[in-house]
Number of protein chains: 2
Amino acid sequence: MTTRVLVVDDDAHILRAIRIHLTACGYAVRTAQTGRAALRAGAEEHPDLVLLDLGLPDLDGTAVITELRSWSTVPIIVLSARTDGADKINALDTGADDYLTKPFSMPELLARMRAAVRRSGSPTDRDTVVATRDFSIDLAAKRVLSRAGTQVHLTPTEWAILEILVRDRGALVSQRRLLSEIWGPAYRTETNYLRVYLAQLRRKLEPEPARPRYLITESGMGYRFQD
Amino acid sequence: MTTRVLVVDDDAHILRAIRIHLTACGYAVRTAQTGRAALRAGAEEHPDLVLLDLGLPDLDGTAVITELRSWSTVPIIVLSARTDGADKINALDTGADDYLTKPFSMPELLARMRAAVRRSGSPTDRDTVVATRDFSIDLAAKRVLSRAGTQVHLTPTEWAILEILVRDRGALVSQRRLLSEIWGPAYRTETNYLRVYLAQLRRKLEPEPARPRYLITESGMGYRFQD
DNA sequence: TGGATCCGTTAGGAAGGCGTCAAGATCGGT
DNA sequence: ACCGATCTTGACGCCTTCCTAACGGATCCA
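The structure contained in this document is the topic of the report that follows. (Residues numbered from 1 in each chain as written. Chains lettered and ligands numbered in written order. Predicted model: local features only at pLDDT ≥ 70, side-chain atom pairs only at ≥ 80, totals over all residues. Heavy atoms only, no water.)

Looking at the overall build of chain A
Helix and strand counts for chain A come out as 8 helices and 12 strands. Buried positions account for 47% of the 227 residues belonging to chain A. By sequence separation, contacts in chain A at least 24 residues apart represent 55% of the contacts at least 6 residues apart. A total of about 10800 Å² of accessible surface is found on chain A, and carbon and sulfur atoms cover 50% of it. (Helix = DSSP H or I, 4+ residues; strand = E, 2+ residues; numbered from the N terminus. Buried < 20%, exposed > 50% of the residue type's maximum accessible area, 1.4 Å probe, protein only. Contact = heavy atoms within 4.5 Å. Areas by Shrake-Rupley, 256 points an atom, 1.4 Å probe, with all protein chains shown as cover.)

This is the structure we're talking about:
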């Protein structure tokens, strides 16, 4: 599978140069020139890696890191012209994974990208099929089977929510993260969407939709898939 | 819990300087001056982080990385005097997580260490689970399980308090800090909030809520989580 | 001994979050 | 252009959570 990279820089020339290099190396490249565009692209496309320039016109670079980190663990490599040590430390402590000072050598960037992707890739994969007493979920096939073996039809949004919850089953998933990942960061507060779709999922999956056993609500915090 | 660092360098002076710095910053430091000693120490002590100089007398630095990586995913930060780009790329592709060229600034090293540990800590829930005799707390999943395995439901405020106490378990946490972090600096003096929520937490977690064993009050100062 | 201070406990009203339903808007395929 | 499926939006009632106040117990010191 190709690695999808989101490159964020306000300079179109640099953007173009990086895109050409990365594309030639087999990466799928998406670009953004502003912080807001970067956050939108991050939420919509779920890149496997983010290359982030700190000097953006609209938002502070660390603000972009903070926002991304509020719902995602995607590796972030900061590329910056600032040689100030404080910036470096600040970015790393905010949640960046690596920090390169411009000008940097392309082979080094590529090596650091490989290292970042290697780290993030391995621990994520768990079982692809999650079975409960009442139904089973095949994450790879994007399919849900009831106990009788009949297929349960889910709409795209229903599946998106269920997938996130099941991938982190047992863990509490904040409403912020669900909304950011599915509708985008701008919808962070539209919690009524979640209420509607969770009700639909429960009607389709739970033996007693009024008394949820698998799709648990943690009031004020988020939702949890309990198996 | 303190982070255990294995520092590998053939120069005793540098070793000593790094040890002093890291110990002062709260790390538990173990040192090795040769590749073989490093591998032995890595196998015996399972450090949380390795700082590795590439110029070792007995083994090539990349050989140490390869050997460690054959059985461990511990973060490795390479410290090297070689400015050659090829070395850097080679080390990263062999399995190193980061690469700093000497001379480097101490604050930057510390920031990169924090970033490396943060990354390695989150995916697996080894360090995020705190188990006691009566219950276990999963900080990443935001979940508390009683000894019987049943889930203990906590409200957002209860969880916020417990999380702060458990993250600094063993240490005294002042009432001011709890109030500032959860309700904001303006509520610094509303200590009755804490009394109410600590009582609720004890009722849910302590075997004998009237005689707290884990959530300890330090009269006039603050609270402490004792495991 | 008496007062002052700090803490634990309880309970009820206020506020906000959640489940539910249904209708309008939008999308996608024929 | 039509129709079904899907998504959005608003409203309502219920339930959880939070805040607040009051009271009693413990400790310390004058």
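So, next bit.
Quick notes on the interface of chain B and chain A
Taken residue by residue, the interface counts 27 residues in chain B and 27 residues in chain A. Both faces combined, the contact of chain B with chain A buries some 2300 Å², and carbon together with sulfur accounts for 47% of it. Between chain B and chain A we count 8 salt bridges in total. As a salt-bridge pair, Asp93(B) and Arg114(A) come within 2.7 Å of each other at their nearest N and O atoms. Between the two partners, chain B and chain A, sit 19 residue pairs in polar contact (both at pLDDT 80 or more). Within the residue set of the side of chain B that touches chain A, elements represented by two or more residues are helix H4 (85-94), strand S5 (98-101), helix H5 (106-121) and helix H6 (156-167) of chain B. Among the elements that line the side of chain B that touches chain A, the one with the most residues is H5(B), at 8 residues. Considering only residue class, the side of chain B that touches chain A consists of 12 nonpolar, 4 polar and 11 charged. (Buried area = accessible area lost by both parts, 1.4 Å probe. Salt bridge = Lys/Arg side-chain N within 4 Å of Asp/Glu carboxyl O. Polar contact = N/O pair within 3.5 Å; in protein donor to acceptor, adjacent residues only side chain to side chain. Nonpolar A, V, L, I, M, F, W, Y, C, P; charged D, E, K, R; others polar.)

A few points about the protein's contact with DNA strand C
Every one of the 21 residues lining DNA strand C counts as a neighbour, but Arg202(A), Thr217(A), Gly220(A), Thr217(B) and Gly220(B) are closest to it. Here, DNA strand C places atoms within 4 Å of the protein, and 57% of those atoms are sugar or phosphate. In this structure, Gln175(B) approaches DNA strand C through a side-chain N or O atom, which is 3.0 Å from a phosphate oxygen. Backbone polar atom of Gly220(B) to a phosphate oxygen of DNA strand C: 2.8 Å apart, as the coordinates give it. (Near = heavy atom within 4 Å.)

A look at the environment of Thr155(A)
Residue and element names in this part refer to chain A. Structurally, Thr155 is set in the loop between strand S9 (151-152) and helix H6 (156-167). Judged by its relative accessible area of 27%, Thr155 falls in the partly exposed class. Separated by 42 residues in the primary sequence, Thr155 and Tyr197 have C-alpha atoms spaced 9.8 Å apart.

Examining the layout of surface pockets
The calculated volume of the second largest pocket comes to roughly 250 Å³. Along the walls of the second largest pocket sit 16 residues, with Lys88(A), Glu108(A), Arg112(A), Lys88(B) and Arg112(B) positioned nearest its centre. Of all the secondary-structure elements, those providing two or more residues to the lining of the second largest pocket are strand S5 (98-101) and helix H5 (106-121) of chain A together with S5 and H5 of chain B. Per-class residue counts for the lining of the second largest pocket are 7 nonpolar, 3 polar and 6 charged. (1 Å grid on protein atoms, 1.4 Å probe; cavity = no way out; pocket = protein on both sides within 12 Å on 5 of 7 lines; lining within 4 Å. Points joined across faces, edges and corners; volume = space filled by probe spheres on them.)

Re the protein's contact with DNA strand D
Taken together, the neighbourhood of DNA strand D is formed by 18 residues, with Thr157(A), Tyr193(A), His153(B), Thr157(B) and Tyr193(B) sitting nearest. Expressed as a percentage, the sugar and phosphate content of the atoms of DNA strand D within 4 Å of the protein is 87%. In the environment of DNA strand D, a phosphate oxygen lies 2.9 Å from a nitrogen or oxygen atom belonging to the side chain of Trp183(B). Between a phosphate oxygen of DNA strand D and a side-chain N or O atom of Tyr193(B), the distance comes to 2.3 Å. Broken down by secondary-structure element, the contributors of at least two residues to the surface near DNA strand D are H6 and helix H8 (191-205) of chain A together with H6 and helix H8 (191-205) of chain B.

What about unusual backbone geometry?
Each neighbour pair has its own omega, and for Lys102(A) with Pro103(A) the value is -5°, a cis peptide bond. Positive phi, normally seen in glycine, also occurs at Lys142(A), with a value near 50°. Its location among the elements puts Lys142(A) in the loop between strand S7 (135-138) and strand S8 (143-146). One non-glycine residue, His46(B), lies in the positive phi region at around 45°. Its place among the elements puts His46(B) in the loop between helix H2 (35-45) and strand S3 (49-53).

Quick notes on the sheet that holds strand S4 (residues 76-80) of chain A
Residue and element names in this part refer to chain A. Taken together, 5 strands build an open sheet; the order of strands is S2-S1-S3-S4-S5 and the sheet is parallel. Single-partner strands in this sheet number two, and they are strand S2 (28-32) and S5. Direction aside, neighbouring strands of the sheet carry axes that sit 20° apart on average. Sheet analysis places strand S3 (residues 49-53) next to S4, joined by 4 bridges and oriented parallel. Each residue of the ladder has a partner; that of Leu51, found in S4, is Ile77. In the packing of helix H1 (residues 12-24) onto the sheet, contacts are made with strand S1 (4-8), S2, S3 and S4, and the angle to S2 comes to roughly 170°. Its contacts with the sheet place H5 against S1, S3, S4 and S5, and it is angled at close to 135° to S3. (Pairing = 2+ DSSP bridges. Axes fitted to C-alpha atoms, helices over the stretch in contact; angles between N-to-C directions.)

Points about empty space enclosed by the protein
Counting across every chain of the model gives 1 cavity of 30 Å³ or more. Within this model, the largest cavity holds a volume of roughly 60 Å³. As for the largest cavity, its lining consists of Glu218(A), Met221(A), Arg224(A), Lys142(B), Arg143(B), Val144(B), Gln151(B), Val152(B), His153(B), Leu154(B) and Trp159(B). Of all the secondary-structure elements, those providing two or more residues to the lining of the largest cavity are strand S8 (143-146) and strand S9 (151-152) of chain B. Among the residues making up the lining of the largest cavity, the classes are represented as 5 nonpolar, 2 polar and 4 charged.

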